[in-house]
Every structure is written in C-alpha cells, then in structure tokens.
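# Reading the structure
For reference, the chains in residue letters:
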Amino acid sequence: MTAWCGRCHCGAIGFEYTTAKPVGEWPVRACQCSFCLKHGGVYTSDPAGSVRFTHEDASKLSHYRFGQKTADFLFCGRCGGYLGAVTKEDGAPLMVLNLHAFDPVLEGLPAAQPMSYEGESRGDRDSRRAARWTPIV
C-alpha cells in the first residue's frame, strides 16, 4: 500500500489516500454533470484502499449538495479548493477523490474516461458508489 496526499490550495483541509494500485492503473473518471464540468472534476477511487482526512483547520471544510442530494461535495471555505465527494452506504462513509487536489501533481495517470450518470436511479447510484468509492477511516 502506498499513501498519496491531497489538499486544498491553502492547506487548511486535506486527505491521505492509500491504495495498492500503481498510479498508471488508477481508474480516472470525468463526470459529465453540470457541476463536475464547471469545477473540472476528474476522479479516482479504490474500494480496497482508504482515505483519512488530514485537516489543519477543520472549521474551513464546506459541504455542498445538489441534484439527488446523495453526496456532499467538499470544499475549503477559505480558498475554494475542491477535494471530492463523500457519501454513506449502509452507514459506511465513502469518498471519490478529485485528482486536481493531489499534491504534488500526479504523473502517469491514465486518460480520463467521460462518465454520464444521467437517468441513474437512486438505488443504482448507491450500488455503484458502494462498489467503486474509497472507504473513509
């Protein structure tokens, strides 16, 4: 397992992502919803990995919900840095990570695969996230 770090621009909020997958094998998804297109969200996750938050100032963590309101999108309230999204499935917290939040910038990532989740039922969305997103520890 290797640990990778990410944070907002000012460093107030961050995470440590642990995965056994080499960077070149990470799934890279570019959601095509209006939110992700406006924010340039490109994501990765590993259901066999883990995420741990490493906030220097947890009071700066800001949440935003839209659409079906099934996930919280995490931002820094000071600099606006976007870390990714979190949800709970069967009480277990899960996260998908915005690749633009990793520090240093990652090299050798696969090309982003455009993804559209339009028309997905809530049950299908919950199942997809449970199967793909990374557990928060």
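What you are looking at is a predicted structure, and each value in this text was computed from that prediction instead of being measured.

Here we come to the sheet that holds strand S5 (residues 50–53). As summarised here, the arrangement of the 3 strands in space is S1-S2-S5, forming an open sheet in which the pairing is antiparallel. Lying at the two open borders of the sheet, with one neighbouring strand each, are strand S1 (2–7) and S5. Here the strands of the sheet are splayed against their neighbours by 20° on average, with no regard to which way each runs. Of the pairings in the sheet, the one linking strand S2 (residues 14–19) to S5 comprises 4 bridges and is antiparallel in character. Within S5, the residue paired with glutamate 16 across the bridge is arginine 52.

Where two aromatic rings form a pair, the distance of their centres and the angle of their planes describe that pair. Under the criterion given, the structure shown has 15 aromatic pairs. Aromatic side chains phenylalanine 35 and phenylalanine 66 sit 5.1 Å apart centroid to centroid with 25° between the ring planes, which places their arrangement in the stacked category. Of this pair, phenylalanine 35 sits in helix H1 (residues 34–39) while phenylalanine 66 sits in the loop between strand S6 (61–64) and strand S7 (72–76); the two residues are 31 residues apart in sequence, bridging distant segments of the chain. On the basis of relative accessible area, phenylalanine 35 is assigned to the buried category, the value being 6%. Judged by relative accessible area, which is 24%, phenylalanine 66 ranks as partly exposed. Chaining the aromatic ring pairs together yields one cluster made of Phe35, Tyr43, Tyr64, Phe66, Phe73, Phe75 and Tyr82. We note arginine 128 situated over the ring of tyrosine 117; from NZ or CZ to the ring centre the distance is 3.7 Å.

Rules of the game
Just so you know, the residues in each chain are numbered from 1, in the order the chain's sequence is written. This being a predicted model, a pLDDT of at least 70 is required before a residue's local features are given, and a value of 80 or more before pairs of side-chain atoms are given or counted; all residues contribute to the totals for chains, interfaces and linings. Excluded from the side-chain calculation are hydrogens and water; included are all heavy atoms of the structure. The pairing criterion is simple: DSSP has to find at least two bridges between the two strands. Put simply, DSSP marks the helices as runs of H or I at least four residues long and the strands as runs of E at least two long, and each gets a number from the N terminus on. Only the stretch in contact is used when a helix axis is fitted, and all axes are lines through C-alpha atoms; the angle between N-to-C directions ranges over 0 to 180 degrees. Stacked, edge-to-face and tilted are the three classes for Phe, Tyr and Trp ring pairs, Trp counted by its six-membered ring, which pair at centre distances within 6.5 Å; planes under 30 degrees apart are stacked, over 60 edge-to-face, the rest tilted. Any residue under 20% of the maximum accessible area for its type is buried, any over 50% is exposed, and the rest in between are partly exposed; the area is computed with a 1.4 Å probe on protein chains only. Whether a charge lies above a ring is judged from NZ of Lys or CZ of Arg, which has to be within 6 Å of the ring centre and within 35 degrees of the ring normal.

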